[in-house]
Structure formats: C-alpha cells, structure tokens
Amino acid sequence: MKKIIIVGGGATGTFFSSAVKKNFPHFDVIMIHDPNTPYIGVGESIAFNGTRFIKKYLGINDDIGLMRDTNSSLKLGVIWQGFDNTDKQVISPSPAPYPSASSVISHLKFGSDLETENYLGQFNLYDVWLYLKRKNKISKDSRECINKNFWFCENSKIPFVFNPNDTLDHIAYSYHINSGTIKDYVFDVVGKPLGVKEIQKKVKEVHVKPDGSENIEYLTLDDGEKIFGDLFIDATGFSRQLVKELSFKFNPSDESINNSTLVGLHSFTAPEENSCFSGSLSMKYGWCFSVPMNTRSGNGYQFNSSFVNNEQMLIDEFYEKQPSKKDISFKRLSWQPGYLDKAFVGNCLPLGISIGFSDAFDANNFSSTMILMGLIIDHLKEDENFEF
C-alpha cells in the first residue's frame, strides 16, 4: 500500500487524507475534488469520540486555536426538550470517564450496612453505583451521580484552573463545528504541510481492471490526466462517484425514517444565546436541531416528506416554538435514507455519506466516520502492504 487516492474534498476527504499522511508520511496521498462542488456548512455537532480522532490521528491538540480559527464552539452535552410531551428541558451531558469517588461517596448513607464501604478504590465507580442502586442506598440517576459534567452543564460552569490552557483537561467535551471551515483548517494545518497532493479537477471516468477483481486501475480527470493508485476512497457524498461503478448495492432504510430537512442560520443577538449545548427539540412532524457556534447557530427541522410536505406549515411551527429565530431563511435538503451492503469492493472503500445516511446532522454521522477512519489507519499500521 503506497498510493492512496481520495476522491472528494469535503470534511471526510480532507480529514482522511490528512490523517493518512500524518500517520504514514511515506505514503503518496492524493485528494481529488471539483472546486465548484458546493459544501453544506450549516453546523454540525460531533460526538465525544470526535476529539479523540482529531488529537490522536490528526495531531491537533490546540483546542482553543481550532475553535477560534474555525468558528467552532465547545460542546458539553445536549439539551432535549419536548420528547416526554412536556416543555421540560433534559440535560444529557458528555460522558465523564473518570468520575470523582467523592461524587459517589457523597450520596452514601453512612452508618448503614455497606459491604463496599472500605473497598471503593478497588471497584469501577459505575459498578459501585449499580450495587448501591440495587441496595436502595442511592436514588439519583447515574449520570447525575457519577458524571461531574452533569453539574457543570446544569450550572453553566467549567472547572477553575490556574492555567486556562489546562481547563479542558478536567472535563469531557466535544465540538460544535462548521464542516466547511474545519475541513480547510485541517488541510491547511495538517494535510498540506505534510505533503498531501490536492488536485482540483473533476473525475471524468473510473477505469476498473477487466480481470474480474473489481479493482480500480486508474481515474481519468476532465483534462485527460490519468491517476493510478493502490487504494481508492470514495468521499463524494451522495453522488457516490466511485461506488456506482462497482458492485455495491444500496439498501434503502425503512420508509418512516426522516428524508428531508429545512436548514438555515440564526445570528446571535444576545450573549446568552452562546451555549455549550446542542439542542434537540421535539416537533409535531419530526424534530429540530440547533448547533451553536461562536456567533451563530445552525438549525434544521427534520421531517419525512411521505407524511408531510408543506414547507411553510413546518416553518410556521418552527417560528412559533422558537420566535427569536425568525431571521432564519430556510433551505430544503432531501436524501434517500439507506446504506451500502458492503464495506468495500475490490480496492475501493467508501467513507462518510458515501456509505449511507439516515438523519441529517446527527452527531453520530460524522463521528462514526471518524471512528472508521481510525480503524483503517490502525489496520494499515499493522500491515502496510495489505491489499483490499
């Protein structure tokens, strides 16, 4: 495995090409994309494994610089509202892998019969919580009891430390990102300096070897140039430019899954609109997301066009529930929910939306892509000469 060709210059393409070059400097990595292809930069919330990929595989450890230069913001959790048929807001904080023992001990009923009382240091704290819960010696929900982030989220606080650069070391966190700006940042900071070759041209033809292996031999660009490679990555999103030339089969998901969204940007007009939480709001015909960044938020109303297709009715409901966001000019996006039947065919491996898509701007979408990227890199570290 010496030459890897990535087709697609969105967040998936730039993240993977940069990460491969970071971990395999001796590989020839080429990213091909059409500069006229539009990218959606409404705003995305990534799950809490996203920071691990950015640090471990991209080598980007400057959280403050990343958020500042990409107009991203800190994510400490999600606020859910309306899903229990009430207006109550429920905080779902980020996972805290190393909770303080005192957060468990503070809820113990001292003087009672606690077999584990003298052995807290020998147990996983979640196991301790389960034990105490079964004994009816603790009443709080697990996340309130052993997740220190719950307190930070509920009180809009972060830990006080003497060195501001160490603040994020004390909490579990992720980012609210603009996929358009962060892809450029990653490429400029990691990919380009390390030598990823960027070709801003269209792929005109995909040439598959005639030996029945379904291996791609080379790509022909719009100017006639031929690009050969060992591994081809399809990061072209819904167009699936390489995938459609091979024996991948697309499996549509259940027809009840959302297939459309109305998206738009809201500019903040008051300091209190800045938030460390993604927002998920239950609606009559679906749900709404809100992804706050530094000066604005990305918003969307997810719905299924098979059940409702009156855009103005949905927009009116949105404005009714969120009157401060009437500055949003909505744009509709639609897709076919589903997934490919295979992880790869021959020497072609799809990544990102090319693999499949369910619900727009779900934090799990791009986060699961980063997990897959990490697995591919780990696999290649074990066997650089592996042939797909």
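Residues numbered from 1 in each chain as written. Predicted model: local features only at pLDDT ≥ 70, side-chain atom pairs only at ≥ 80, totals over all residues. Heavy atoms only, no water.

(A) Molecular detail of the overall build of the protein chain. The helix and strand tally for the protein chain stands at 10 helices and 21 strands. Within the protein chain, counting contacts between residues at least 6 apart in sequence, those at least 24 apart form 71% of the total. Carbon and sulfur atoms provide 50% of the accessible area of the protein chain, an area that totals close to 19100 Å². (Helix = DSSP H or I, 4+ residues; strand = E, 2+ residues; numbered from the N terminus. Contact = heavy atoms within 4.5 Å. Areas by Shrake-Rupley, 256 points an atom, 1.4 Å probe, with all protein chains shown as cover.)

(B) How the structure looks around unusual backbone geometry. In this structure, Asn-71 takes a positive phi of about 60° despite not being glycine. Mapped onto the elements of the fold, Asn-71 is located in the loop between α3 (63–70) and β4 (73–75). Despite not being glycine, Glu-214 has its phi angle at roughly 65°, a positive value. Counting through the fold element by element, Glu-214 comes out in the loop between β9 (203–208) and β10 (216–221).

(C) Expanded view of the environment of Phe-27. In this fold, Phe-27 is placed in the loop between α1 (11–23) and β2 (28–32). Separated by 24 residues in sequence, Phe-27 and Lys-3 place their C-alpha atoms 5.9 Å apart.

(D) Examining the sheet that holds strand β1 (residues 3–7) more closely. Strand order in the open sheet formed by five strands is β8-β2-β1-β12-β20, with parallel pairing between adjacent strands. The sheet is open, and its two borders are formed by β8 (197–199) and β20 (348–350), each paired with just one other strand. Here the average twist between neighbouring strands, direction ignored, is 20°. Strand direction decides the pairing type here: β2 and β8, joined by three bridges, are parallel. (Pairing = 2+ DSSP bridges. Axes fitted to C-alpha atoms, helices over the stretch in contact; angles between N-to-C directions.)

(E) Structural context of the nonpolar core. Within the largest apolar cluster, 41 residues are counted, with the highest numbers of intra-cluster contacts made by Ile-4, Phe-15 and Phe-16. Grouped together as the second largest cluster of nonpolar side chains are 19 residues, Ile-199, Ile-216, Phe-232 and Cys-348 included. (Core = buried A, V, L, I, M, F, W, Y, C linked by side-chain atoms within 4.5 Å. Buried < 20%, exposed > 50% of the residue type's maximum accessible area, 1.4 Å probe, protein only.)

(F) Spatial organisation of helix α9 (residues 311–321). Every buried residue belonging to α9 is among Leu-314, Ile-315, Glu-317, Phe-318 and Tyr-319, and all of these are buried. The inward-facing, buried residues of α9 contact β14 (260–267), β15 (277–283), β16 (286–292) and β17 (296–303). By the N-cap criterion, in which a side-chain oxygen at the helix start approaches the backbone nitrogen of a residue two or three places on, α9 is capped by Asn-310, the distance to Gln-312 being 3.3 Å. (Polar contact = N/O pair within 3.5 Å; in protein donor to acceptor, adjacent residues only side chain to side chain.)

(G) Looking closely at the pattern of salt bridges. Following the criterion strictly, the structure yields six salt bridges and no others. One salt bridge connects Asp-63 with Lys-55, and the closest N-O pair in it is separated by 2.9 Å. On the accessibility criterion, Asp-63 (10% relative accessible area) is buried. Given a relative accessible area of 25%, Lys-55 falls into the partly exposed group. Where Glu-225 meets Lys-201, a salt bridge forms, and the shortest distance between an N and an O atom there is 3.1 Å. Placement of the pair is Glu-225 in the loop between β10 and β11 (226–228) and Lys-201 in the loop between β8 and β9, with a sequence separation of 24 residues. The exposure class of Glu-225 is partly exposed, given its relative accessible area of 27%. (Salt bridge = Lys/Arg side-chain N within 4 Å of Asp/Glu carboxyl O.)

(H) Spatial organisation of the packing of α1 against helix α8 (residues 179–194). Between α1 and α8, the least distance of the axes is 9 Å, while the angle of their chain directions is 25°. The angle between α1 and α8 falls in the class roughly parallel. Remark: the crossing between α1 and α8 carries left-handed chirality. Contacts between α1 and α8 involve Ala-11, Thr-14, Phe-15, Ser-18, Lys-21 and Lys-22 on the former and, on the latter, Ser-179, Ile-182, Lys-183, Val-186, Phe-187, Val-190, Gly-191 and Leu-194. (Parallel < 35°, antiparallel > 145°, perpendicular 65-115°, else oblique. Left-handed = near helix turned anticlockwise from the far one by under 90°.)

(I) Structural detail: the confidence of the model for the protein chain. Within the protein chain, residue pLDDT values average 83, and 77% of them lie at 70 or more. Counting contacts from residues 96–123, a segment whose pLDDT is below 50, to residues more than four positions away or on other chains yields 38 contacts. (pLDDT = per-residue confidence, 0-100.)

(J) Layout of the sheet that holds strand β3 (residues 44–45). Strand order in the open sheet formed by three strands is β3-β7-β4, with antiparallel pairing between adjacent strands. In this open sheet, the two edge strands, each paired with only one partner strand, are β3 and β4. The sheet contact formed by β4 and strand β7 (residues 174–177) spans three bridges and is antiparallel. Across the sheet, Leu-74 pairs through a bridge with Tyr-175, a residue of β7.

(K) Highlighting the environment of Asn-259. The topology assignment puts Asn-259 in the loop between β13 (250–252) and β14. Each C-alpha atom of the pair Asn-259 and Phe-303 lies 6.5 Å from the other, and the pair is 44 residues apart in sequence. Once residues within four sequence positions are removed from consideration, Asn-259 is found in contact with Phe-303, Asn-304, Ser-305, Ser-306, Leu-333, Ser-334, Trp-335 and Pro-337. At a separation of 3.1 Å, a polar atom in the side chain of Asn-259 contacts the side chain of Ser-260.

(L) Just the pairing of β15, in detail. Counting buried positions over the seven residues of β15 gives six, a clear majority of the element. Taken together, the five bridges between strand β5 (residues 77–81) and β15 define a ladder with parallel strand orientation. Paired with Trp-80 across the bridge in β15 is Ser-280. Where β15 lies against β16, five bridges are found, and the strand directions are antiparallel. Bridge pairing in β16 links Met-283 to Gly-286. Following β15, the chain reverses through two residues before pairing antiparallel with β16.

(M) Here's a closer look at the packing of aromatic side chains. In the structure shown here, the tally under the stated rule is 14 aromatic pairs. Note on Phe-15 and Phe-53: the rings are 6.4 Å apart at their centroids and 15° apart in plane angle, and the pair reads as stacked. Taken together, the residues Phe-15 in helix α1 and Phe-53 in helix α2 (residues 50–56) connect sequence positions 38 residues apart. Among the residues examined, Phe-15 registers a relative accessible area of 1% and is labelled buried. On the accessibility criterion, Phe-53 (3% relative accessible area) is buried. Ring centres of Phe-238 and Phe-357 lie 5.4 Å apart, and the angle between their planes is 85°; this geometry places the pair in the edge-to-face category. Placement of Phe-238 in the loop between β12 (231–234) and β13 and of Phe-357 in strand β21 (residues 356–357) is noted, with a sequence separation of 119 residues between them. Since its relative accessible area comes to 40%, Phe-238 is described here as partly exposed. Phe-357 gets classed as buried once you look at its relative accessible area, which sits at 10%. Three or more aromatic residues link up through ring pairs in this structure, and these residues are Phe-15, Phe-53, Tyr-57 and Phe-366. (Phe/Tyr/Trp six-rings, centres within 6.5 Å; stacked < 30°, edge-to-face > 60°.)

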